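Here is what each chain is made of, one letter per residue.
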Amino acid sequence: MAHTPDHFDDYFKRLGRRRLVKGSLRILRYLFLILAILLIAGWFILQNSRVQNRLMGYVTNYLSEELDTKVAASRIDFDFFDKLVLEGFYVEDHRGDTLLFSRELTASFDVNLIKIFKNQFDIDDIYLKDTRMRILRDTGEQFNNVQMILNRLVKKEKNAGPANQTTLPLLSVENVYLDNITFLQDDRVKGQEIITFLDGAHIAVNSLNLEKELVVIDNFTLEGPNVVLIEKEPNPLPIIPPAVADSTAIGTTANGIDTTDFKLLIANFQLSDGAFSLRNYRNNPTPSTTNQELDFNNLTVSNIQIDLEDFSMQAGVFETKINELKAKESSGFELSNLSAENARVGSRKIEFKGLDLQTPYSSLKDNLALSYRSYEDFKNFPEKVLLQGKFNNSRIAVRDIMVFAKGLRNNPFFEQNADQVVEIDGKVQGRINSLKGDNVQIRLGETTFLKGSFSSRNLTKKGEEYLSFNLDNFESDMQTLRLLIPGFNPPANFDKIGRFSFDGNFLGFFIDFVAAGNLQTELGSAKMDMRMNLRKGREMAQYAGNLALNNFDLGRWTGNEDLGLVSFNSRVEEGQGLTIETVDAKVGGIISQLTFKDYLYKNISLDGALKKNLFDGKLNIQDENIDFVFDGSVDFTDSIPKFDFASQINRLDIKTLNLSPQDFVLKGNTKIELTGSNISNIQGDLIFRDFSIVKNGVDTFRMDSLFVFSELFPDTRRSFSIGSDILDLELDGIF
């Protein structure tokens, strides 16, 4: 076969390419071998203490120059392929004070040259041990010491120009371990100092994106954190005009408010054996409450346990699912557990959905929200924090309520019922001192039940408690009301009404109110529309309104066995005094029925004035066995009664009325002006006109008129006379 020149050219070209490939591979093999030798040699060189110390000097000098502050370390141990150990790491602030000191910082990492060239660093684990950090903003300073350093970095970056500005590195960290950490933040402008001690922590990081300001953590565990918050007198800065403010500050505006759009996500968070203390020397340098009340200016909380899921923080708003939250305060209040399907905490509101709150004595379920203008409002919780709650089968111990509202301890009802539990369903909103309820059902022990709506004001201020009730049903007893209502102490016979139920409206103070509605008692029922003022006590109580009784057991009420059931409609005007000695009122009404000596009286009308033991007015009875009109007064004020009245008797059957065993029926007109308690001391005038007496239904005795006069003299002499159309009699002497 003949070979053309072109054929030989192709052959030599292929042969040249093969030799080029083989030569290139041989060169690369030598290069990798040299690189491996250099790396191994570099590793051995880096194990030399002098080299490591020189390297440490380069690193600390570089950081000192970049941060414009002193950075130092006592020892560095570098494993090229594995980890870095830094001991005695120290950073000063701009004053020359300690900003950060760590006895030991260890970082294990994965060296990938390609990623390093791409400005990406992968760190497996970071260990921080025996570390102390102090952030300080002194009086008159706009920024704290950390912000001052960051601001310098920003200025350097800005002055370097766009071409020389560096981008933030892509940093990844898998685990951070903390051991014995102390963190101090002292803001003397705000007058606030935070001291945090931490036994240990583990942070399992999912992603860390500094450019997007996003941190995602899989697990965050804290062990033994102890936080102390101290409030002192602030030293506010003068107002800085916007044109003068430093526009290069990182994470702050001219007034120091954080505006960084940083986002933190934590899948699981656990805290164990935590503690928190608050000492507000600004508002209240010494505790103002007893050891059984929460003092929001002086808190000491221990045994804190927290378990959270899906935690997020952005722009000052925290949101999470709470699996467990336990704590105990030095006042004795204990939070056995708090869980919530969703909890959201912001600068103006705390909100719990699917809440389940448990204490040793209380159980709250459903939804709860707390609104406020700032966190400072919690220092005056009863007055400033707005509560919005929807409760379902919840139980609140009275002692727990008293812990949060110290003024309630002055209320005898709460004080004497501290061991009782309030069962509540419905919606409640408002501040503790001015709560409102809608479609609420409340049960207190075995004695008191309330169903309806209500509003209140000044519940924690003794004597100023204001309530407005629209009640579907209120059940209680007089003994409970005495405890609940300060100054309410009606006569002992009020206890005889036993348990009662009331539906209607109540408006006013415990000792000055208007009540309108229906009352059911063990003695009978009542319908009322009354105004009552007890500010001066029951002796000088003022009252007015309408009262109706239906089948009320007047005998049991008064202790008089001759009396029985009574039903009437009455009105009271200008009433004063609730005791026999002080009562003074205008009364009127109709007694539809009254039992006296086992006889049922009907159709009695009354209009007059009642003062102490005096009745002055008109009484009209129209009954088949008693039909008469009374006009005058009966006075039992003194030991000797006084009678001054005129009456028209159309029929008075004294036997049927069980007033006498004798069968007499009386009729006539009378005029009586007498004083006396028995026959021996009676004196005065007794006049009968057109008078008749029917005996045994057969014998009739009539007289046109009868005058009886009796007078007693100081020398025990008596004058007695009778004048009539059938008999005249005069007696004068001692008899």
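Residues numbered from 1 in each chain as written. Predicted model: local features only at pLDDT ≥ 70, side-chain atom pairs only at ≥ 80, totals over all residues. Heavy atoms only, no water.

Peer 1: Explain the overall build of the protein chain here, please?
Peer 2: In terms of regular secondary structure, the protein chain is built from 9 helices and 36 strands. Residue pairs in contact within the protein chain that sit at least 24 positions apart in sequence constitute 47% of those at least 6 positions apart. (Helix = DSSP H or I, 4+ residues; strand = E, 2+ residues; numbered from the N terminus. Contact = heavy atoms within 4.5 Å.)

Peer 1: Even after reading the chapter, I still don't get the nonpolar core, so can you show me in this structure?
Peer 2: Nonpolar side chains in soluble globular proteins tend to be buried together. Counting 114 residues, the largest nonpolar core has Phe269 and Phe352 as its most contacted members. Those residues in contact with Phe269, other than ones at most four positions away along the chain, are Phe220, Leu222, Ile306, Asp307 and Leu308. Listed in part, the 9 residues of the second largest apolar core include Leu67, Phe89, Val91 and Leu99. (Core = buried A, V, L, I, M, F, W, Y, C linked by side-chain atoms within 4.5 Å. Buried < 20%, exposed > 50% of the residue type's maximum accessible area, 1.4 Å probe, protein only.)

Peer 1: Explain the pairing of strand E3 (residues 83–92) here, please?
Peer 2: The buried fraction of E3 is high, at 7 of 10 residues. In this sheet, E3 lies alongside strand E1 (residues 71–72) in antiparallel orientation, the contact comprising 2 bridges. Counted as the bridge partner of Val71 is Val91 from E3. (Pairing = 2+ DSSP bridges.)

Peer 1: What am I meant to see in the packing of aromatic side chains here?
Peer 2: For the structure on display, the rule yields 11 aromatic pairs. Put simply, the rings of Phe454, Phe469, Phe506 and Phe513 pair up and form one aromatic cluster. Here the guanidinium or amino end of Arg399 rests over the ring plane of Tyr361, the centre of that ring lying 4.7 Å away. (Phe/Tyr/Trp six-rings, centres within 6.5 Å; stacked < 30°, edge-to-face > 60°. Lys NZ or Arg CZ within 6 Å of the ring centre and 35° of its normal.)

Peer 1: So what exactly am I meant to see when it comes to the pairing of strand E35 (residues 718–724) here?
Peer 2: Each regular strand shows side chains that alternate between the opposite faces of the sheet. For E35, a buried count of 5 out of 7 residues is recorded, marking the element as mostly surrounded by other parts of the structure. As paired strands, strand E34 (residues 699–712) and E35 are joined by 7 bridges and run antiparallel to one another. Residue pairing in the sheet places Glu711 in a bridge with Ser719 of E35.

Peer 1: Explain a negative patch on the surface to me, please; I cannot follow it from the model alone.
Peer 2: On the surface, a cluster of negative charge is contributed by Asp179, Asp199, Glu223 and Asp273. Within the secondary structure, Asp179 sits in strand E6 (residues 170–187). (Patch = residues over 30% accessible without salt bridge, like charges linked within 9 Å, V, L, I, M, F, W, Y side chains within 5 Å. Areas by Shrake-Rupley, 256 points an atom, 1.4 Å probe, with all protein chains shown as cover. Salt bridge = Lys/Arg side-chain N within 4 Å of Asp/Glu carboxyl O. Lys, Arg positive; Asp, Glu negative; His and termini not counted. Charge placed at Lys NZ, Arg CZ, Asp CG, Glu CD.)

Peer 1: It is not clear to me how a positive patch on the surface should be interpreted in this structure. Could you clarify?
Peer 2: The grouping of Arg348, Arg373, Lys384 and Arg431 at the surface amounts to a positive patch. Note on placement: Lys384 falls in helix H5 (residues 381–384). Among the residues examined, Lys384 registers a relative accessible area of 43% and is labelled partly exposed.

Peer 1: How do you make sense of the pattern of salt bridges when you look at a structure like this?
Peer 2: It is possible for side chains bearing opposite charge to pair when their charged atoms get close. Taken as a whole and assessed by the stated rule, the structure comprises 18 salt bridges. Salt-bridge contacts for Asp562 lead to Lys597; the nearest nitrogen and oxygen are separated by 3.5 Å. Here Lys597 lies in the loop between strand E27 (584–596) and strand E28 (599–611) and Asp562 lies in the loop between helix H9 (554–558) and strand E26 (563–576), a separation of 35 residues in the sequence. Between Glu573 and Arg571 there is a salt bridge, with the nearest N and O atoms lying 3.8 Å from each other. Each of Asp93, Arg95 and Glu141 takes part in a single network of salt bridges with overlapping partners.

Peer 1: I'm lost on the side chain of Thr521 in this one. Help?
Peer 2: The residue Thr521 is located in strand E23 (residues 512–521) in this model. A polar contact is formed between the side chain of Thr521 and the backbone nitrogen of Leu523, at a distance of 3.0 Å. Of note is the side chain of Thr521, whose polar atom sits 2.7 Å from the backbone oxygen of Gly524. (Polar contact = N/O pair within 3.5 Å; in protein donor to acceptor, adjacent residues only side chain to side chain.)

Peer 1: It is not clear to me how the environment of Leu178 should be interpreted in this structure. Could you clarify?
Peer 2: If you trace the backbone, Leu178 turns up in strand E6. For the pair formed by Leu178 and Leu198, sequence separation is 20 residues and the distance between their alpha carbons is 8.2 Å. Aside from chain neighbours lying at most four places away, what touches Leu178 is Leu128, Leu198, Asp199, Gly200 and Ala201.

Peer 1: Sorry if this is basic, but what is going on with unusual backbone geometry here?
Peer 2: A negative phi angle characterises most non-glycine residues, just as the trans form characterises most peptide bonds. With a phi angle near 50°, Asp130 is a residue other than glycine that sits in the positive phi range. Within the secondary structure layout, Asp130 lies in strand E5 (residues 120–137). Given a relative accessible area of 22%, Asp130 falls into the partly exposed group. The phi dihedral of Asn439 falls on the positive side, at around 50°, and the residue is not glycine. The residue Asn439 is located in strand E19 (residues 434–444) in this model. Overall, the relative accessible area of 60% leaves Asn439 in the exposed class.

Peer 1: Honestly, the side chain of Asp477 in this entry has me stumped. Any pointers?
Peer 2: The residue Asp477 is located in strand E21 (residues 466–477) in this model. A distance of 2.8 Å separates a polar atom in the side chain of Asp477 from the backbone nitrogen of Thr480. Ignoring anything within four residues of it in the chain, the contact list for Asp477 reads Thr447, Gly498, Arg499 and Phe500.

Peer 1: Just checking my understanding: could you explain the confidence of the model for the protein chain for this structure?
Peer 2: When pLDDT drops low, the exact placement of atoms in the prediction is not to be read closely. Of the residues in the protein chain, 79% reach a pLDDT of 70 or more, and the chain-wide mean stands at 79. The secondary-structure element of the protein chain with the lowest mean pLDDT is helix H1 (residues 5–46), recorded at 47, while strand E12 (residues 317–329) shows the highest, at 94. Per-residue pLDDT stays below 50 along residues 19–42; that stretch engages in 2 contacts with residues further than four places along the chain or on separate chains. Counting contacts from residues 250–259, a segment whose pLDDT is below 50, to residues more than four positions away or on other chains yields 18 contacts. (pLDDT = per-residue confidence, 0-100.)

Peer 1: Can you help me understand the environment of Ala327 in this one?
Peer 2: Among the secondary structure elements, Ala327 is positioned in strand E12. Among the residues examined, Ala327 registers a relative accessible area of 18% and is labelled buried. Expressed as a C-alpha distance, the spacing of Ala327 and Phe276, which sit 51 residues apart in the sequence, is 9.7 Å. If we ignore the near neighbours within four places in the chain, the residues touching Ala327 are Val301, Ser302, Asn303, Ile304, Glu334 and Leu335.

Peer 1: Quick question: what am I supposed to make of the environment of Lys618 here?
Peer 2: With respect to the helices and strands, Lys618 occurs in strand E29 (residues 614–622). When sequence neighbours within four positions are dropped, the list of residues in contact with Lys618 reads Ser605, Leu606, Asp607, Phe630 and Asp631.

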